[in-house]
Amino acid sequence: MIEVRDLVKIYHQGAVAVHALRGVSFRVEPGEFLGITGPSGSGKSTILNCLGGLDDPTSGEVIIDGTPIGGLSDNERTLLRRRKIGFIFQFFNLLPTMSALDNVALPMLLDGRSRAKVYERAASILNDVGLGHRMTHRPDELSGGEQQRVAVARALAFDPVVILADEPTGNLDSKSSAVVMEFISDLATKHGKAVILVTHDPFSLGFARRVIRVADGHLVSDDRQASA
C-alpha cells in the first residue's frame, strides 16, 4: 500500500545544509496502523509531507498503491492526493460558513461528481462517524471532537487507500481524543485502510499497532505493540 525507499531530504538555509531525513525506509500494508513519533525536529513531519506528496524528497522514493509519487505531474499528483489519500490535521480546516454536510460534500463536488450522489455519500459518512444528527450544524455549533469527526468524514469522502493523520487530537480534551482515536483506529482494523499517525502524544500513539521512532532524520526503531 505504502512503500518508502531510502528517503533523504535536505533543506538549505543559506550556505547551511540541514539533513531532515537521512535514508528512511519502511512499508505500510493495508489494514495497518502505524504511528510515527520522535522529538521536535526529528523528521517525522517531513516524512508525512513526503508521503502526502506535499514535499519532494531530495532522493529516494515514495510509492502509494503501486504508484511512485516522484514520477507524477502536478495534476496527476493532485488527483492522487484527492482520491487515494485522506488527510486529518490538528486544525480541523473546516469552512466556517458551511454545515458539516457541506464541508464533507465540497471536495467531491469540486471533483465534478453528481450532486445527488455526493450528498448521499456525505450523509452516509457522517452517520458512520456518529454525526447524523449534526449534519446541518456549522463548525461553530459543534464541539472540538465533533469538528474533528467531520474532518475524519471529509478525509473519507473518496474512500482513500491511505489515511495520514498529523496530531489529530492536539486541540482536543481527553474524552474527545479517545472518541476520535477510536474512529481513526477503526479505519485500519475495520475498513482496511493504511493509517499513518504522526504524534507526540503517548495516548494517541497507544492506538497504533506499530510504532516507528525517528531522531535526527534517522529511523531508530520499528516496533510492534499490543492493540489498544
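Caption draft 1: Molecular detail of the side chain of Arg77. Relative to the assigned elements, Arg77 resides in helix H2 (residues 74–84). A relative accessible area of 9% places Arg77 in the buried class. Those residues in contact with Arg77 that lie beyond four places of it in its chain are Gly53, Asp56, Ile69, Gly70 and Leu72.

Caption draft 2: View of the environment of Ser124. In this structure, Ser124 sits in helix H4 (residues 115–128). Sequence-wise, Ser124 and Ala157 are 33 residues apart; in three dimensions their C-alpha atoms are separated by 9.9 Å.

Caption draft 3: Fine view of the environment of Ser143. Tracing the backbone shows Ser143 in the loop between H4 and helix H5 (144–155). Residue classification places Ser143 among the partly exposed positions, given a relative accessible area of 36%.

Caption draft 4: Looking closely at the packing of aromatic side chains. In this structure the tally under the stated criterion is 2 aromatic pairs. Plain terms: the ring middles of Phe87 and Phe89 are 5.8 Å apart, the flat faces sit at 5° to each other, and that makes the pair stacked. Judged by its relative accessible area of 32%, Phe89 is partly exposed. On the numbers, 5.3 Å between centres and 75° between planes, the contact of Phe203 with Phe207 is edge-to-face. Residue Phe203 is classed as partly exposed on the basis of its relative accessible area of 41%.

Caption draft 5: Representation of the sheet that holds strand S2 (residues 16–28). Reading across from one edge, S2-S1-S4-S5 is the order of the 4 strands in this open sheet, with antiparallel pairing throughout. Pairing within the sheet leaves two strands with one partner each, and these edge strands are S2 and strand S5 (67–68). Of the strand pairs in this sheet, strand S4 (residues 59–64) and S5 are connected by 2 bridges, and their pairing is antiparallel. Within the sheet, the bridge partner assigned to Ile63 lies in S5 and is Pro68.

Caption draft 6: Structural context of the nonpolar core. In this structure, Phe33, Leu126, Val150 and Ile184 are the most contacted members of the largest nonpolar core, which totals 40 residues. Where this core is concerned, the elements lending two or more residues are helix H3 (100–110), H4, H5, strand S7 (162–166), helix H6 (174–189) and strand S8 (194–198). A total of 6 residues in this core trace back to one element, the largest contributor, which is H4. Apart from the residues within four sequence positions on either side, Phe33 is in contact with Met181, Ile184, Ser185, Ala188, Val195, Leu197, Phe207, Ala208, Arg209 and Arg210.

Caption draft 7: Looking closely at the sheet that holds strand S6 (residues 85–89). One open sheet accounts for 6 strands, arranged S6-S7-S8-S3-S9-S10; its pairing is mixed. Single-partner strands in this sheet number two, and they are S6 and strand S10 (218–224). Taking the axes of each pair of neighbouring strands and ignoring which way they run, one obtains an average angle of 15° across the sheet. Sheet topology note: the strand S3 (residues 33–37)/strand S9 (residues 210–215) ladder contains 4 bridges and is parallel. Looking at S9, one finds that Leu34 is bridged to Arg210. Against the sheet, helix H1 (residues 44–51) makes contact with S3, S6, S7, S8 and S9, and its axis sits at roughly 145° relative to S8, the strand it touches most.

Caption draft 8: Quick look at the pairing of S4. In this sheet, S4 lies alongside strand S1 (residues 2–13) in antiparallel orientation, the contact comprising 5 bridges. Directly across from Val4, in S4, lies its bridge partner Val62. Two successive antiparallel strands, S4 and S5, enclose a turn made up of 2 residues, where Asp65 displays a positive phi of approximately 50°.

Conventions used here
Residues numbered from 1 in each chain as written. Predicted model: local features only at pLDDT ≥ 70, side-chain atom pairs only at ≥ 80, totals over all residues. Heavy atoms only, no water. Helix = DSSP H or I, 4+ residues; strand = E, 2+ residues; numbered from the N terminus. Buried < 20%, exposed > 50% of the residue type's maximum accessible area, 1.4 Å probe, protein only. Contact = heavy atoms within 4.5 Å. Phe/Tyr/Trp six-rings, centres within 6.5 Å; stacked < 30°, edge-to-face > 60°. Pairing = 2+ DSSP bridges. Core = buried A, V, L, I, M, F, W, Y, C linked by side-chain atoms within 4.5 Å. Axes fitted to C-alpha atoms, helices over the stretch in contact; angles between N-to-C directions.

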